[in-house]
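Each chain is listed here by its residues.
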Amino acid sequence: MEGSFERARDGDAQATRLVVEALRPRMVRMAAYYARRTGEDADDLLQEAWVGVLEALPALDVTIGSPGQYLIQHARWRLLDAVRRARARRCLPLDEALSECLACPAPDGSVAALAAWEFARRLKPIQRAVLGLLVDGFTWREAGSALGCSSANIAYHVRQIRRQYEEWDRSAALAGEG
C-alpha cells in the first residue's frame, strides 16, 4: 500500500483508486459521525472530505508519519470547515438579527441589558455585527470569515468598539454624578 501513496501523489490514476478504496470505510464512518453530531447531510460531508483528501494528495510526503492518517486529517479539516460554513449560513442575516436584538433588549427589562442595548445602538452596523459575532463565541478569525474580512480588520473594529465603550462609560458615569 505504501507504494500506492507515492504513485497516487505522482498522478497515477490506478494508485489513486487504490488509495480511495483503502480510505473509503474510514471516510464514510467519519462523515456519518459528524453528520449525526452536527445535523448536516452525511453525503455532503463525505463529498467535502473527499475534496480534502484529493487536495492534500499532491503534497503528501510518504517519509513522514502515516500517509493515510495525513490524508484523513486533511479530510476532517475540510469537513469541519464545511460544517462551520453551513452553520454561518444558517444564522439570520446580520441586519435581521440586529433589529431583533435592538427591538427588545431583554424580556425582564434588566438595567444591564438596557445599558448594553443603549451602547450597541450607538455603534456603526459593522461594529454591531462584529460585537454580535464575538459575543456569540466566534474567534476573530471566524468573525472575519463570516463578515468577509481579515482578523486584522476585526482587531481594528474591536479597538474602535473599546474606544467608544470607554467614552460611553465615562459619559454615563459623569451623567450619574450630576
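Now for a quick tour of the structure. Here the structure is a predicted model, which is why all the values come from computation and not from measurement.

Re the overall build of the chain
Point 1. Looking only at helices and strands, one finds nine helices and zero strands in the chain.
Point 2. Reading the chain from its N terminus to its C terminus gives the helix and strand order α-α-α-α-α-α-α-α-α.
Point 3. The buried share among the 178 residues of the chain stands at 31%.
Point 4. Looking at the chain alone, contacts between residues at least 24 apart form 53% of all its contacts between residues at least 6 apart.
Point 5. When the accessible area of the chain is evaluated, it comes to approximately 11,200 Å², of which 55% is carbon and sulfur surface.

Things to note about the pattern of salt bridges
Point 1. One pass over the structure, following the stated rule, counts nine salt bridges.
Point 2. Residue R78 pairs with E48 through a salt bridge whose shortest N-O separation is 2.7 Å. Here E48 lies in helix α3 (residues 42-56) and R78 lies in helix α4 (residues 67-90), a separation of 30 residues in the sequence.
Point 3. Each of E48, E55, R78 and R85 takes part in salt bridges that share partners, so that together they form one network.

As for the packing of aromatic side chains
Point 1. Evaluation of the coordinates by the stated rule reveals four aromatic pairs.
Point 2. Ring geometry for F119 against Y165: centres 5.2 Å apart, planes inclined by 90°, an arrangement best described as edge-to-face. Here F119, found in helix α6 (residues 111-122), pairs with Y165, found in helix α9 (residues 151-177); they are 46 residues apart in sequence, far enough to count as distant.
Point 3. Given a relative accessible area of 7%, F119 falls into the buried group.

Looking at the packing of helix α2 (residues 13-38) against α3
Point 1. Look at α2 against α3: their axes get within 8 Å of each other, and the N-to-C directions meet at 135°. In this view, α2 runs oblique relative to α3, as classed from their interaxial angle. For the pair α2 and α3, the crossing hand works out as right-handed. Counted together, T16, V20, L23, R24, M27, V28, M30, A31, A32, Y34, A35 and T38 of α2 and A42, L45, L46, A49, W50, V53 and L54 of α3 form the full contact between these two elements.

With respect to the nonpolar core
Point 1. Ranked by size, the top nonpolar core spans 25 residues in total, and within it L23, M27, M30, L71 and L79 carry the most contacts.
Point 2. Among the elements of the structure, α1 (2-9), α2, α3 and α4 are those that each provide at least two residues to this core.
Point 3. With nine residues, the single largest contributor to this core is α2.
Point 4. Once residues within four sequence positions are removed from consideration, M27 is found in contact with L46, A49, W50, V53, I72 and A75.
Point 5. Judged by nonpolar contacts, the second largest core, of ten residues, contains F119, V130, A143 and I154.

A look at helix α7 (residues 125-135)
Point 1. Of the residues making up α7, those classed as buried are Q127, R128, A129, V130 and L133.
Point 2. After α7 finishes, the residue G137 shows a positive phi value of roughly 100°.

Basis of the calculations
- Residues numbered from 1 in each chain as written.
- Predicted model: local features only at pLDDT ≥ 70, side-chain atom pairs only at ≥ 80, totals over all residues.
- Heavy atoms only, no water.
- Helix = DSSP H or I, 4+ residues; strand = E, 2+ residues; numbered from the N terminus.
- Buried < 20%, exposed > 50% of the residue type's maximum accessible area, 1.4 Å probe, protein only.
- Contact = heavy atoms within 4.5 Å.
- Areas by Shrake-Rupley, 256 points an atom, 1.4 Å probe, with all protein chains shown as cover.
- Salt bridge = Lys/Arg side-chain N within 4 Å of Asp/Glu carboxyl O.
- Phe/Tyr/Trp six-rings, centres within 6.5 Å; stacked < 30°, edge-to-face > 60°.
- Axes fitted to C-alpha atoms, helices over the stretch in contact; angles between N-to-C directions.
- Parallel < 35°, antiparallel > 145°, perpendicular 65-115°, else oblique.
- Left-handed = near helix turned anticlockwise from the far one by under 90°.
- Core = buried A, V, L, I, M, F, W, Y, C linked by side-chain atoms within 4.5 Å.

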